[in-house]
Amino acid sequence: MFTLIQSRQKFNHKATVLGSAIALMLSAAAFAQSESGPTAGENAARWDRGNAQGGGAQVDRSRFEVVDTIAVTTPHGVNVMPVQKKLWVANESMNTASRIDIGSGEVETVVQVGAGPDLIATDKLRQKVWITNLKGNSVSVLNADTGAELDRISVGNAPHGLAIDQARGRVYVANYKDNTVFAFDARTHQKLKSIPVGKGPRNIALDAITGNIFVSNMDENTVSLVNPQRGQEVARMKVGTKPAGLDFNMMTRTLYVSNTASANVSVLRNGREIKKIPVGSNPRGIQINLLTNQLFVNVAGEGKVAVVDGFSDTIRQKVKVGEGNYVASLDITTNTLYVANQKSNTI
């Protein structure tokens, strides 16, 4: 099932897209970003923000609500391609990936991938979909247009998180049981480097401006800052207990890390933790809207998504979605969040 969460006020699609397009053009150099994720199975929640006012100059911060759901099978990873209006979902128990048409909510294509497909990242520039196969110790690379599997690459033990630096043509994969991150060429799929990090690397967030990456080390309560060009870890920062999801706001230079066992989100600036935001039981994936400075945190222990204001670092709202909501993907142009609810078999 697919959950659509929408503003209670009238949604002015043209105004919202126009305002987003202007902001994206202004930050184009920084926006050749990767989409990790930590971002569709056949179960997700979609959120729409409300109307943009004054031609998009100001954004109305209205409340969110679920407006639709899509049925799928054990969705875990989810990733949206806004221009194509497609949603990709990793169906963990089926060893498949589904491509869903956003407009109709219909599953268009089902592709066989490796064992235990986990997380998905999409390379919009090269029209490729990268999927970590947790149980198969591999990564599947798909053609986003045809759905064909182009490559299946052997990686380390228990690959989980991944991120794509589209501007620099690099893909990064965290190998949870090997304590490493592999770097690949996004065009040739060739492995370039193996970079040691902390214990239990779980997820990866990209700083699209510098090209550096952040890696959550779940088994030692830290985050590694990695310089991929040098191929080494340059810093290790202490966070909360059992860190999992993370995302980086390149505009405010702020890193947010979900701590699954301490029920909060660490806020880091300049390489150090400055505060923790209590969010609820078992927080997982984090998505940031750079245009509104909003955070969406999957609070899996409650089956809710917390909407956090990035200016005050306070929760503005919690919205009930499905169960097992570990991963989500954000369409920044419409402020629409797609949430994979693995235990509810919905999006």
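Here the structure is a predicted model, which means the values were calculated and not measured.

Calculation notes
- All residue numbers refer to position in the chain's written sequence, counted from 1.
- With the structure being a predicted model, the display of local features is reserved for residues of pLDDT at least 70 and the display and counting of side-chain atom pairs for 80 or more, all residues being used for whole-chain, interface and lining totals.
- Hydrogen atoms and water are omitted, and side-chain values are computed over all heavy atoms in the structure.
- Here the term buried applies to any residue with accessible area under 20% of the maximum for its type, exposed to any over 50%, and partly exposed to those in between, with areas from a 1.4 Å probe on protein chains only.
- Note on conventions: DSSP H or I runs of at least 4 residues are helices, E runs of at least 2 residues are strands, and numbering of each starts at the N terminus.
- Two strands qualify as a pair provided that DSSP identifies no fewer than 2 bridges between them.
- Each reported salt bridge corresponds to a side-chain nitrogen of Lys or Arg within 4 Å of a carboxyl oxygen of Asp or Glu.

Undergrad: Go over the pairing of strand S23 (residues 254-259) with me, naming the residues and quoting the values.
TA: Moving residue by residue along a regular strand, the side chains alternate between the two faces of the sheet. A large share of S23 lies buried, amounting to 6 of its 6 residues. Because side chains alternate across S23, one face comprises the buried residues Thr254, Tyr256 and Ser258, and the other comprises Leu255, Val257 and Asn259, equally buried. Pairing analysis gives 5 bridges linking strand S22 (residues 243-249) to S23, with the strands arranged antiparallel. Bridging across to S23, Asn249 finds its partner in Thr254. Linking S22 back to S23 in an antiparallel pair, the connection comprises 4 residues, with Arg253 at a positive phi of about 60°. Connecting the antiparallel pair S23 and strand S24 (residues 264-269) is a turn made up of 4 residues, with Ala263 showing a positive phi of about 60°.

Undergrad: Provide a residue-level description of the pattern of salt bridges, including the pertinent values.
TA: Per the stated rule, a full pass over the model turns up 15 salt bridges. Note that Glu108 and Arg99 form a salt bridge whose closest N and O atoms lie 3.1 Å from each other. With relative accessibility at 38%, the residue Glu108 sits in the partly exposed group. A salt bridge links Glu323 to Lys320; its shortest N-O distance comes to 3.1 Å. Its relative accessible area of 33% is what places Glu323 among the partly exposed residues. The class for Lys320 is partly exposed, based on a relative accessible area of 43%. Members of the salt-bridge network, linked through shared partners, are Lys86, Arg99, Asp101 and Glu108.

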